[in-house]
Amino acid sequence: DTGVSQNPRHKITKRGQNVTFRCDPISEHNRLYWYRQTLGQGPEFLTYFQNEAQLEKSRLLSDRFSAERPKGSFSTLEIQRTEQGDSAMYLCASSYDEGEHYEQYFGPGTRLTVT
Amino acid sequence: AQKVTQAQTEISVVEKEDVTLDCVYETRDTTYYLFWYKQPPSGELVFLIRRNSFDEQNEISGRYSWNFQKSTSSFNFTITASQVVDSAVYFCALGDFYNQGGKLIFGQGTELSVKP
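Residues numbered from 1 in each chain as written. Chains lettered and ligands numbered in written order. Predicted model: local features only at pLDDT ≥ 70, side-chain atom pairs only at ≥ 80, totals over all residues. Heavy atoms only, no water.

Asker: Run through the state of the cysteines, naming residues and quoting values.
Answerer: Residue and element names in this part refer to chain A. Considering all chains together, one arrives at two disulfides over all chains under this definition. One disulfide bridge connects Cys 23 with Cys 92, the sulfur atoms lying 1.8 Å from each other. Between Cys 23 and Cys 92, the S-S torsion sits near -70 degrees, and that sign places the bridge as left-handed. One end of the pair, Cys 23, is in strand E3 (residues 19-24); the other, Cys 92, is in strand E9 (residues 88-95), with 69 residues separating them in the sequence. In this structure, Cys 23 and Cys 92 share a single accessibility class: buried. (Disulfide = S-S within 2.5 Å. Helix = DSSP H or I, 4+ residues; strand = E, 2+ residues; numbered from the N terminus. Buried < 20%, exposed > 50% of the residue type's maximum accessible area, 1.4 Å probe, protein only.)

Below, the structure is given as structure tokens:
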């Protein structure tokens, strides 16, 4: 069973450009989460999906951020008009909400640098 | 408000020493989940343990053990006979029991350095 995968692993962009990241969860997992992690900090929750439905969004997620999970499988996170403050590691995690094991399994992350 | 505090920013030990990583949390929920994750230098967060708030039994897994005390809102993690491979950042996190974990609230992490 493959783990959570994220693409690209690294992205360098100029301020004002749009970027899109992709996350492929573990295949049987119906939940998918996005977090953001800056240097020296723990991950901060951004949003999560149960199947196709986006169930919760953090107040951290400004209007420039949008996430989708159109068929309940992979998800994309788009940042429009990037700012230097968006530079961070963007982490994706997936989990299964039935049974007794709700642990979230994380992908390797996409490191975004905005110049 | 929900909050997780890991007061130890960095810990450095010599191989074979025992080390305890502290985690204190705040929540108004009476039932919740607690987690520990490891983030090695490669960067990928690795799940270590999940604990339900109504189960206060301590747990041991090999060299790892966890001490959960609801009365003091603490969920501490001990590594016995530390090894160089234990060097990583360790995160404690709080999750929603009635939402199968839901969004996780992470602490700031403790960076553990184990020197040979």
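Continuing now.
Asker: Give me the lowdown on the packing of aromatic side chains, citing residues and values where you can.
Answerer: By the definition in use, this model includes 23 aromatic pairs over all chains. With 5.5 Å between their ring centres and 45 degrees between their planes, Tyr 35 of chain A and Phe 106 of chain A make a pair best called tilted. In this pair, Tyr 35 of chain A is assigned in strand E4 (residues 31-37) and Phe 106 of chain A in strand E10 (residues 105-106), connecting sequence segments 71 residues apart. Comparing Tyr 35 of chain A with Phe 106 of chain A shows no difference in burial state: the two are buried. Members of the aromatic cluster, connected to one another through ring pairs, are Tyr 33, Tyr 35, Phe 45, Tyr 48, Tyr 105 and Phe 106 of chain A together with Tyr 33, Phe 35, Tyr 37, Phe 47, Phe 91 and Phe 106 of chain B. Its guanidinium or amino end placed over the ring of Phe 74 of chain A, Arg 22 of chain A lies 3.9 Å from that ring's centre, counting from NZ or CZ. (Phe/Tyr/Trp six-rings, centres within 6.5 Å; stacked < 30°, edge-to-face > 60°. Lys NZ or Arg CZ within 6 Å of the ring centre and 35° of its normal.)

Asker: Please provide a residue-by-residue account of the interface of chain A and chain B, values included.
Answerer: Each side of the interface is counted separately: chain A has 22 residues, and chain B has 17 residues. Area buried by chain A at its contact with chain B is led by Tyr 102, Glu 103 and Phe 106 of chain A, which between them contribute 30% of it. Among the salt bridges present, the one from Glu 56 of chain A reaches Lys 103 of chain B, with a minimum N-O distance of 3.0 Å. Where chain A meets chain B, there are six residue pairs in polar contact (both at pLDDT 80 or more). Counting residues per element, the ones that place at least two in the side of chain A that touches chain B are E4, strand E5 (44-50) and E10 of chain A. Top element by residues in the side of chain A that touches chain B is E4 of chain A. It accounts for four residues. The residue makeup of the side of chain A that touches chain B, split by class, is 10 nonpolar, seven polar and five charged. (Contact = heavy atoms within 4.5 Å. Buried area = accessible area lost by both parts, 1.4 Å probe. Salt bridge = Lys/Arg side-chain N within 4 Å of Asp/Glu carboxyl O. Polar contact = N/O pair within 3.5 Å; in protein donor to acceptor, adjacent residues only side chain to side chain. Nonpolar A, V, L, I, M, F, W, Y, C, P; charged D, E, K, R; others polar.)

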